[in-house]
Amino acid sequence: MTAPLRLGTRGSVLALAQSGHVAEALTAATGRPVELVEVVTAGDRSTAPVQRLGVGVFVSALRDALTAGEIDFAVHSYKDLPTAAAPGLHIAAVPPRQDPRDALIAIGGRTLAELPPGALIGTGALRRIAQLHALGMQFEVTPIRGNIDTRLGRVLGPDADLDAVVLARAGLTRIGRADVITETLDPMLMLPAPAQGALAVECRADDHDLVELLALLDHAPSRAAVTAERALLATLEAGCSAPVAAYGELAEGETGEEIYLRGAVISPDGSRDLRLSRTGTPADAAEIGKALAAELLELGADSILGQEGHPGPGTQQLGSTE
């Protein structure tokens with residue numbers, strides 16, 4: 001019998017759900033059995049704000065295990081990956097992306113517009129904090145950390161101390177908790193993080209048979225959208241915790257399929273909010289992202305990203321993938 005492929009994953013409920021989905025899809029497509037191998041990362045062991053722990057805190061242990069041959073491939077939430085390529089490793093597949101929008105979970109089933117001024121909203125991403133402030137609705141926004149259940153408990157649990165939290169809709173959907181969402185936030189109000197809702201399936205670049213096998217899971221439209229978004233992030237030289245947002249959508253244009261990419265850089269207090277968009281072909285996904293980032297820089301995005309209190313290039317967000 002063929003030995004099972006070893007899939008490395010973090011041990012959180014969300015990570016296991018994501019990895020389990022990829023494992024099932026690979027087995028269905030190839031007949032190869034897959035076993036999950038839990039890997040504990042520095043981010044899982046610490047309760048400190050993640051920017052204090054260093055770049056790639058939720059992925060470095062998985063990549064170390066991959067390089068050492070302890071696992072055959074790994075599944076990451078793509079938005080957790082540093083934009084710099086990892087030597088010797090290869091993103092072999094980007095499976096079909098889940099809905100990348102953010103979701104509000106509020107007391108009493110309220111929407112964002114129904115929350116009163118002074119409502120206390122928790123979120124782990126500076127990007128969300130900045131955009132909530134930019135709405136001018138006088139919310140009190142507080143940074144929070146923890147897995148999905150921990151964050152939901154801050155609103156829905158017996159010891160709830162927040163009026164609402166904002167999480168990625170994709171994570172809630174993957175663990176079967178989409179029912180708690182009181183509003184899926186329109187990207188016009190809350191533009192997602194680059195690569196939000198997407199997974200990255202990574203293996204060793206020299207494992208050619210596995211590269212070919214995993215490529216069966218690749219979804220070209222999802223990869224193109226994510227490529228454009230992450231090219232914008234990389235060109236801005238901003239990390240995952242920066243107040244940078246990007247959302248690429250594929251649609252049928254006048255001359256064929258095209259990417260419509262929106263990008264934004266928002267000051268942490270919401271007082272400066274730069275938003276632009278650009279279109280192009282999927283084949284030019286990376287160039288679209290680079291060009292849009294260059295336009296944002298011309299408008300002063302670098303001065304926003306350099307503000308005092310910004311975590312700095314390459315750092316991770318306060319939470320992991322939730």
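Just so it is clear, the structure is predicted and the values come from calculations on it, not from any experiment.

About the criteria used
Residues numbered from 1 in each chain as written. Predicted model: local features only at pLDDT ≥ 70, side-chain atom pairs only at ≥ 80, totals over all residues. Heavy atoms only, no water. Helix = DSSP H or I, 4+ residues; strand = E, 2+ residues; numbered from the N terminus. Buried < 20%, exposed > 50% of the residue type's maximum accessible area, 1.4 Å probe, protein only. Contact = heavy atoms within 4.5 Å. Areas by Shrake-Rupley, 256 points an atom, 1.4 Å probe, with all protein chains shown as cover. Pairing = 2+ DSSP bridges. Axes fitted to C-alpha atoms, helices over the stretch in contact; angles between N-to-C directions. Polar contact = N/O pair within 3.5 Å; in protein donor to acceptor, adjacent residues only side chain to side chain. 1 Å grid on protein atoms, 1.4 Å probe; cavity = no way out; pocket = protein on both sides within 12 Å on 5 of 7 lines; lining within 4 Å. Points joined across faces, edges and corners; volume = space filled by probe spheres on them. Nonpolar A, V, L, I, M, F, W, Y, C, P; charged D, E, K, R; others polar. Expected span 1.5 Å × (residues − 1). Arc of directions from axis to C-beta.

Looking at the overall build of the chain
Of regular secondary structure, the chain possesses 10 helices and 13 strands. Residue burial in the chain is summarised as follows: out of 322 residues, 51% are buried. Pairs at least 24 apart in sequence give 70% of the contacts found in the chain among residues at least 6 apart. A total of about 13400 Å² of accessible surface is found on the chain, and carbon and sulfur atoms cover 50% of it.

Some remarks on the sheet that holds strand S3 (residues 73–77)
To summarise the sheet geometry, strands pair through backbone hydrogen bonds and adopt either a parallel or an antiparallel arrangement. The strand order across the open sheet formed by five strands is S2-S1-S3-S10-S4, and the pairing between neighbours is mixed. Looking at which strands have only one partner, the edges of the open sheet turn out to be strand S2 (34–38) and strand S4 (89–93). Averaged over all adjacent pairs, the angle separating strand axes in this sheet is 35 degrees, with direction ignored. Judged from the five bridges that link them, S3 and strand S10 (residues 199–204) form a sheet pairing that is antiparallel. Note that in S10 the partner of Ser77 across the bridge is Leu199. Each of strand S1 (5–9), S3, S4 and S10 touches helix H3 (residues 60–67); the most contacted strand, S3, lies at about 165 degrees to it.

Section: the side chain of Ser267
With respect to the element layout, Ser267 can be found in the loop between strand S12 (256–266) and strand S13 (273–280). A polar atom in the side chain of Ser267 sits 3.1 Å from the backbone nitrogen of Ser271.

Some remarks on empty space enclosed by the protein
Scanning all chains against the criterion turns up five cavities of 30 Å³ or more. Taken as a whole, the largest cavity encloses approximately 100 Å³ of empty space. Lining the largest cavity we find 13 residues, and of these Arg10, Ala15, Val75, His76 and Ser77 sit closest to its centre. At the level of secondary structure, the elements contributing two or more residues to the lining of the largest cavity comprise helix H1 (13–30) and S3. Residues of the lining of the largest cavity, tallied by class, amount to five nonpolar, six polar and two charged.

Description of helix H9 (residues 285–298)
The end-to-end C-alpha distance of H9, which contains 14 residues, comes to 20 Å, matching closely the 20 Å that a straight helix rising 1.5 Å per residue would cover. Of the positions making up H9, those classed as buried are Ala285, Ile288, Gly289, Leu292, Ala293 and Leu296. An end-on view of H9 places all buried positions within 130 degrees of arc, on one side of the element. Next to the buried residues of H9 lie helix H8 (220–235), S12, S13 and helix H10 (301–305). One or two positions beyond H9, positive phi appears at Gly300, with a value near 105 degrees.

By themselves, these figures tell us nothing about what the structure is for.
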